[in-house]
Protein chains: 2
Amino acid sequence: MAKQYISMRNLRFLLFDVFNGLELTKLDYYKDHNQDTYDMTLDTAKQISDSLLYPLYEEMDHKKPKYEDGTIKVHPKVREIMETFGEGGWINAPKEFEKGGQQMPYLLFNLSAMVFHAANTAAVAFPYLTAGAANLIDSFGSKELKETYLAHMWAGKWQGTMALTEPQAGSSLTDITSSATPTEHGYYKIKGQKIYISGGDHDGVDNIVHLYLAKIDGAPAGTKGISLFVVPKFRPENGGLVFNNVTTAGAYGKMGIKGAPIAHIMAGEQGDCHGYLVGEPHKGLSYMFRMMNEARIGVGQISAGLASAAYYASLQYANERPQGRPVSNKDVNLPQSLIINHADVKRMLLLQKAVVEGSIALIAQCSLWADIAERTTGEEAENAHLLLELLTPICKSYPAEMGMLSISNGLQVLGGAGFCDDFPLQQHYRDTRINPIYEGTTAIHGMDLLGRKVPMKGGKAVMIFNALVNETILEAQSFDSTKPYADKLAKTQEKLVQITMHLLNVAQTETPEVFLRDATLYLEYFGHFTISWLWLKMSVASAKALAENPQGEEKNFHTSKLHTLRYYFEYELPKTKGIHERLMSADQLTLEVAAEEIV
Amino acid sequence: MAKQYISMRNLRFLLFDVFNGLELTKLDYYKDHNQDTYDMTLDTAKQISDSLLYPLYEEMDHKKPKYEDGTIKVHPKVREIMETFGEGGWINAPKEFEKGGQQMPYLLFNLSAMVFHAANTAAVAFPYLTAGAANLIDSFGSKELKETYLAHMWAGKWQGTMALTEPQAGSSLTDITSSATPTEHGYYKIKGQKIYISGGDHDGVDNIVHLYLAKIDGAPAGTKGISLFVVPKFRPENGGLVFNNVTTAGAYGKMGIKGAPIAHIMAGEQGDCHGYLVGEPHKGLSYMFRMMNEARIGVGQISAGLASAAYYASLQYANERPQGRPVSNKDVNLPQSLIINHADVKRMLLLQKAVVEGSIALIAQCSLWADIAERTTGEEAENAHLLLELLTPICKSYPAEMGMLSISNGLQVLGGAGFCDDFPLQQHYRDTRINPIYEGTTAIHGMDLLGRKVPMKGGKAVMIFNALVNETILEAQSFDSTKPYADKLAKTQEKLVQITMHLLNVAQTETPEVFLRDATLYLEYFGHFTISWLWLKMSVASAKALAENPQGEEKNFHTSKLHTLRYYFEYELPKTKGIHERLMSADQLTLEVAAEEIV
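Residues numbered from 1 in each chain as written. Chains lettered and ligands numbered in written order. Predicted model: local features only at pLDDT ≥ 70, side-chain atom pairs only at ≥ 80, totals over all residues.

### Structural notes on the overall build of chain A
Along chain A, the regular secondary structure elements total 19 helices and twelve strands. For chain A, the C-alpha radius of gyration of 24 Å lies close to 25 Å, the compact-globule estimate for 599 residues. With respect to the three principal axes, the spread of C-alpha positions in chain A is 80 × 60 × 60 Å. Each of the 599 residues in chain A was classed as buried or not, and the buried ones make up 59%. (Helix = DSSP H or I, 4+ residues; strand = E, 2+ residues; numbered from the N terminus. Rg over C-alpha atoms; globule rule 2.2 N^0.38 Å. Buried ≥ 20, exposed ≤ 12 C-beta atoms within 10 Å, placed from the backbone.)

Have a look at this one:
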């Protein structure tokens with residue numbers, strides 16, 4: 001097994017140097033935090049990962065969950081994992097002290113989560129899903145719901161889920177048919193089926209709490225008629241737990257993330273199933289989207305975590321495996337060269353590093369905006385909220401899409417060994433393939449970005465974002481090592497503005513279909529632009545550090561950042577040229593071709 | 001299970017319309033062939049695939065081989081598959097009649113093989129590996145070796161393998177250490193280990209015949225000291241078979257192609273192991289490369305076959321699955337739309353089709369050149385040979401690399417269902433990941449193309465190739481539907497010439513490292529150029545067919561070709577712009593960055 005799966009040095013660099021995370025402790029909500037609490041949090045995350053999570057990464061893949069006696073039996077360590085996260089306060093760390101939370105900044109919370117995801121993302125799916133579901137109850141649930149559910153969920157004793165998808169609806173939530181019939185007792189009778197529900201049923205907890213979308217009888221058609229319910233597997237009654245007729249038809253066999261089952265669940269098909277309304281009727285989707293937005297950042301974290309583990313596994317291999325010789329000196333009497341010395345292996349490793357650390361930087365940036373949006377007021381909060389809204393589709397999709405490429409390159413570094421079970425790369429490769437699908441496919445995020453986020457408030461978010469990028473460009477222009485890339489980023493920015501103006505003009509003059517037909521490519525362009533900016537931002541911090549003339553590992557750490565900046569601008573950013581050509585083209589192929597003409 | 005895995009209509013289109021395969025029957029060697037034998041061959045391939053191969057595709061993945069009692073037990077149907085291929089003459093079809101062959105053109109042989117690979121590539125790994133190994137014995141072996149081995153191999157009773165890779169050497173064959181000690185009896189005593197040997201040991205045949213690279217005691221260092229041996233698992237002696245001390249340490253667990261085991265084998269570690277020299281001492285590598293070049297076309301076929309099966313599975317899903325509504329009319333009272341009507345789904349399907357049919361066209365083109373190179377003489381043969389040499393790295397790597405992207409898009413079309421075992425997409429995705437690795441990684445093919453094939457004979461192959469492309473451009477300029485793309489291809493050709501001249505100039509003035517540092521990207525550019533050309537070539541044939549005003553399915557077939565041409569030039573070819581920028585850049589990042597600076 002590889003020795004490293006994440007760089008703690010890099011997390012600290014982002015937390016302290018790039019994003020000045022200690023500034024947050026000036027805010028009232030975070031005033032009890034300081035350098036020590038930050039360090040201790042990261043250290044504890046690493047210690048839990050080293051001792052509990054990482055050693056189970058491959059084992060949870062091999063010993064996958066089994067459906068037995070009407071329930072899904074997961075790895076026996078899942079219970080310990082949930083309890084560890086509950087007892088350590090990891091499920092509700094950002095919450096108020098009086099709720100048992102730690103008032104932890106999202107920045108710190110999410111960077112710590114990066115350690116866990118890199119170590120074993122299937123293992124921590126259980127507590128993080130629970131955190132998301134509990135947040136919904138905490139934000140929108142009644143006092144009674146909070147009192148009944150939150151303590152158990154935050155303690156890691158009860159599992160939380162998001163129960164959205166139905167067999168006939170998939171991404172189209174408009175078409176869900178799960179029904180909720182009011183009763184005189186206050187609860188609703190729930191009936192319906194949900195598919196692909198992560199953590200939807202398992203024996204590593206005492207109860208499962210579904211945050212369940214359904215339509216109240218007579219509700220308006222479409223998304224305006226969707227309500228949110230708490231639907232537990234066992235409902236608390238008279239101090240005990242009563243089976244609530246939520247059954248599972250078993251876990252889906254799947255290619256990856258095998259340790260964390262996804263279940264087909266059936267509510268109320270074999271008896272009374274009680275559901276408890278969260279918030280107001282018909283507003284379920286807006287509540288759910290609160291959780292969904294967190295979950296989308298979460299998918300970025302899962303993707304970046306897997307890509308991180310794959311990067312260090314292939315880096316280690318490249319530094320240990322001798323094979324072949326330099327192309328200019330093939331003297332067979334020389335010993336073989338380590339493969340890290342081959343140019344193309346370096347290219348693949350730099351690609352991985354660029355994606356991994358670029359993605360983690362984006363997650364950190366979004367987390368910081370979440371802190372500012374939630375813990376400040378006025379224009380500062382509003383701007384942070386807009387930026388977070390704008391970049392959420394990127395934060396979900398860039399790590400997911402580019403993470404696949406990154407891990408594939410990591411596997412390629414190992415050659416035949418990468419395809420075989422003796423190394424974890426094949427598992428990283430399988431595990432990560434779900435990321436561009438769940439919590440909204442890449443195509444959906446493209447439409448979200450171009451169709452909603454860019455035009456919102458007259459393009460205000462894009463304008464604020466561009467101003468922020470300009471600040472970085474200006475700063476980067478004052479260092480020799482970063483100046484050439486600052487200039488390149490400015491040019492890419494011009495092109496992105498040109499494309500955006502062009503497409504917004506299309507939106508004015510043509511149908512929404514024409515406007516949005518290549519939204520996926522627009523998302524890809526925007527992603528490369530965003531990550532280029534973050535590499536420049538990180539490189540400014542490294543250029544400053546190098547000006548202090550550090551030695552040894554510190555010097556290599558910052559030099560490596562500058563090399564990777566160069567990699568990004570030499571090898572990745574040029575990809576935007578072709579996308580630019582396509583996005584500016586008038587050809588409407590995908591609208592004009594008829595279904596029967598694709599054979 | 002999906003109903004379709006390959007388009008027979010497309011294979012016939014390539015065979016008869018695009019590559020005029022019946023012209024080959026004017027050659028003496030192929031004179032017994034005609035329209036009927038061509039049709040019958042394709043029909044038989046489809047019939048075997050439908051009845052025997054395709055129904056086992058998923059089952060061979062689930063019931064993977066097991067190591068028991070010192071041998072690898074494969075799916076019980078493997079024996080029937082080998083016998084079917086032996087009895088049907090599929091293993092030696094291109095051979096002379098007097099050898100029991102059918103004098104079948106490679107064009108027909110390889111297009112038929114596409115059907116098998118699309119149906120179940122793991123299943124046909126057994127006979128096709130055997131065909132390659134038998135070819136080597138037939139081409140370079142002694143009369144005695146031929147008499148002893150060929151009949152059994154061609155009958156599908158004995159498995160053939162390529163035993164090259166060793167634990168310490170990988171792609172660096174220079175460093176193999178398997179030894180061959182001469183004896184007074186004529187045979188050699190073999191000692192050594194080989195890893196990742198496909199079909200290296202299994203119970204679906206009566207014997208395993210390794211074509212085994214080893215060094216004769218005292219041989220020169222490096223590749224000039226490598227000899228080729230026949231090393232059977234059981235050696236024929238006195239009319240019987242005697243165990244030859246070739247043992248297996250078991251099969252590797254791997255992510256895909258699970259039905260076809262790869263073995264770690266040990267020769268002569270537990271007793272006498274006899275090896276029989278093939279051809280002359282120290283010339284083993286040149287013989288092996290004959291087989292290797294065929295195997296590289298074979299990897300193209302495996303890749304294209306998997307991508308083909310994935311394409312039709314996702315196309316079927318897209319035509320059956322209702323979900324969501326048009327972006328300009330989201331009226332929830334309307335029934336849901338089939339997902340094939342969403343623009344981004346069409347884009348993904350066209351991407352798949354572009355890669356699948358472009359790759360199959362390239363395989364057909366290379367096969368035709370193999371026919372001309374082998375069955376004609378003089379300049380025609382020499383030119384065909386040069387073209388085949390030039391494009392072999394593309395034929396191996398483009399389907400392998402783009403096949404991964406194609407299948408990934410196919411999986412994405414299915415969303416969550418694509419990740420789950422209920423659909424074959426996840427298996428296609430796992431199976432295809434080996435293709436950019438075996439028979440030379442993509443990086444090795446990049447160096448082969450730029451470092452060897454392009455400069456060979458003063459660039460003669462490239463010049464002939466460009467002349468061929470110009471012919472297609474000229475022809476395409478006479479149809480309205482293809483003219484715009486002919487012009488675009490001409491511009492891309494200019495850029496490729498510019499890049500090539502630039503790099504050859506670098507080769508003159510700088511080290512080989514500088515010259516070859518981005519050979520992988522050069523390969524990628526060359527691949528897009530080649531496939532664009534083939535799409536133009538196919539589209540000319542379809543434009544001609546459409547001029548005859550066909551109706552119904554025929555009309556859709558040809559219209560679909562023209563749409564996909566348009567797809568390629570709108571969405572894929574623009575990718576060359578970014579690669580051009582990188583290949584023209586003077587930055588030598590991957591040479592300048594030190595190993596310790598990648599952290």
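### Here's the deal with the relation of the copies chain A and chain B
The operation relating chain A to chain B is a screw motion whose rotation component is 180°, with 0.0 Å of axial translation and a residual RMSD of 0.0 Å. The transformation relating the two chain copies, once decomposed into turn and shift, fits a two-fold axis. Mapped onto chain B, 99% of the interface residues of chain A again fall at the interface, so both copies present the same surface. (Least-squares fit on C-alpha atoms with pLDDT ≥ 70 in both. Contact = placed C-beta atoms within 7 Å.)

### A closer look at the interface of chain A and chain B
Accessible area lost upon the coming together of the parts is a frequently used measure of interface size. Taken together, the contacts link 81 residues of chain A with 81 residues of chain B. Ranked by the residues each element gives to the side of chain A that touches chain B, the list is headed by helix α17 (residues 552-572) of chain A, at nine residues. Counted by class, the side of chain A that touches chain B contains 33 nonpolar, 28 polar and 20 charged residues. (Nonpolar A, V, L, I, M, F, W, Y, C, P; charged D, E, K, R; others polar.)

### Remarks on the domain arrangement of chain A
Residues and elements named next belong to chain A. By domain assignment, chain A separates into domain 1 (8-152), domain 2 (159-282) and domain 3 (444-587). Computed over C-alpha atoms only, the centres of domain 1 and domain 2 are separated by 24 Å. Facing the 32 residues of domain 1 at the interface are 29 residues of domain 2. Secondary structure elements with two or more residues in the side of domain 1 that touches domain 2: α3 (57-62), β2 (71-73), α4 (77-87), α5 (106-140) and α6 (143-154). The dominant element in the side of domain 1 that touches domain 2, judged by the number of residues it contributes, is α5, at 13 residues. Its residues assigned to classes, the side of domain 1 that touches domain 2 shows 19 nonpolar, nine polar and four charged. (Domains from an automatic or database assignment.)

### A look at the confidence of the model for chain A
On average, residues of chain A score 96 in pLDDT, and 100% of them reach the 70 mark or higher. Here the predicted complex carries an ipTM of 0.97, next to a pTM of 0.97. (pLDDT = per-residue confidence, 0-100.)

### Digging into the pairing of strand β9 (residues 240-243) of chain B
Sheet faces and side chains relate simply in a regular strand, where the side chains alternate between the two faces. Residues and elements named next belong to chain B. Direction of pairing for strand β8 (residues 234-237) relative to β9: antiparallel, over a ladder of four bridges. Bridge pairing in β9 links Glu237 to Gly240. Hairpin connection of β8 to β9: two residues between the antiparallel strands, including Asn238 at a positive phi of 50°. (Pairing = 2+ DSSP bridges.)

### A closer look at the packing of helix α7 (residues 284-320) of chain A against helix α9 (residues 378-414) of chain A
Residues and elements named next belong to chain A. Axis separation between α7 and α9 bottoms out at 8 Å; the angle between their running directions is 20°. In terms of orientation, α7 lies roughly parallel with respect to α9. Crossing of α7 over α9 shows left-handed handedness. (Axes fitted to C-alpha atoms, helices over the stretch in contact; angles between N-to-C directions. Parallel < 35°, antiparallel > 145°, perpendicular 65-115°, else oblique. Left-handed = near helix turned anticlockwise from the far one by under 90°.)

### Examining the environment of B:Phe569
All names here are of chain B. Residue position: Phe569 is located in helix α17 (residues 552-572). You can call Phe569 buried: it has 23 C-beta atoms within 10 Å. Separated by 84 residues in the primary sequence, Phe569 and Tyr485 place their C-alpha atoms 6.9 Å from one another. Those residues in contact with Phe569 that sit more than four places away from it in its chain are Tyr485, Lys488 and Ser532.

### A word on the nonpolar core
Counting 410 residues, the largest nonpolar core has A:Phe229 and B:Phe229 as its most contacted members. Excluding residues within four positions of it along the chain, A:Phe229 makes contact with A:Ala180, A:Tyr188, A:Ile190, A:Tyr212, A:Ala214, A:Gly275, A:Tyr276, A:Leu277 and A:Val278. (Core = buried A, V, L, I, M, F, W, Y, C linked by C-beta atoms within 7 Å.)

### Some remarks on helix α14 (residues 483-509) of chain A
Every α-helical turn comprises 3.6 residues, leaving residues that sit three or four positions apart pointing alike. Residues and elements named next belong to chain A. Taking 1.5 Å of rise per residue, the 27 residues of α14 would be expected to cover 39 Å, and the 40 Å separating its terminal C-alpha atoms lies within 8% of that figure. Looking only at α14, the buried set comprises Tyr485, Ala486, Leu489, Thr492, Leu496, Ile499, Thr500 and Leu503. Elements that come into contact with the buried residues of α14 comprise α12 (442-453), α13 (456-476), α15 (512-516), α16 (519-546), α17 and α18 (575-584). (Expected span 1.5 Å × (residues − 1).)

### Topic: the packing of helix α12 (residues 442-453) of chain B against helix α16 (residues 519-547) of chain B
Residues and elements named next belong to chain B. For the pair α12 and α16, the least separation of the axes is 7 Å and the interaxial angle reads 80°. By the angle between their directions, the pair α12 and α16 is classed as roughly perpendicular. Residues Thr442, Ala443, His445, Gly446, Met447, Leu449, Leu450 and Gly451 of α12 lie in contact with α16, whose contacting residues are Ala519, Thr520, Tyr522, Leu523 and Phe526. For the contact of α12 with α16, the class distribution of residues is eight nonpolar, five polar and no charged.

### Structural notes on the pairing of strand β11 (residues 262-267) of chain B
Residue and element names in this part refer to chain B. Of the pairings in the sheet, the one linking strand β5 (residues 188-198) to β11 comprises five bridges and is antiparallel in character. The residue bridging Gln193 from the neighbouring strand is Met266, located in β11. Here strand β10 (residues 246-251) runs beside β11; their pairing, made up of four bridges, is antiparallel. Residue pairing across strands places Thr247 opposite Met266, the latter belonging to β11.

### So, the environment of B:Ala370
Residue and element names in this part refer to chain B. Summarising the element assignment, Ala370 is placed in helix α8 (residues 343-375). Ala370 sits in the buried class, given 24 other C-beta atoms within 10 Å. Considered as a pair, Ala370 and Leu504 are 134 residues apart in the sequence and their alpha carbons are 28 Å apart. Leave out the neighbours within four places in its chain, and Ala370 touches Tyr106 and Leu388.

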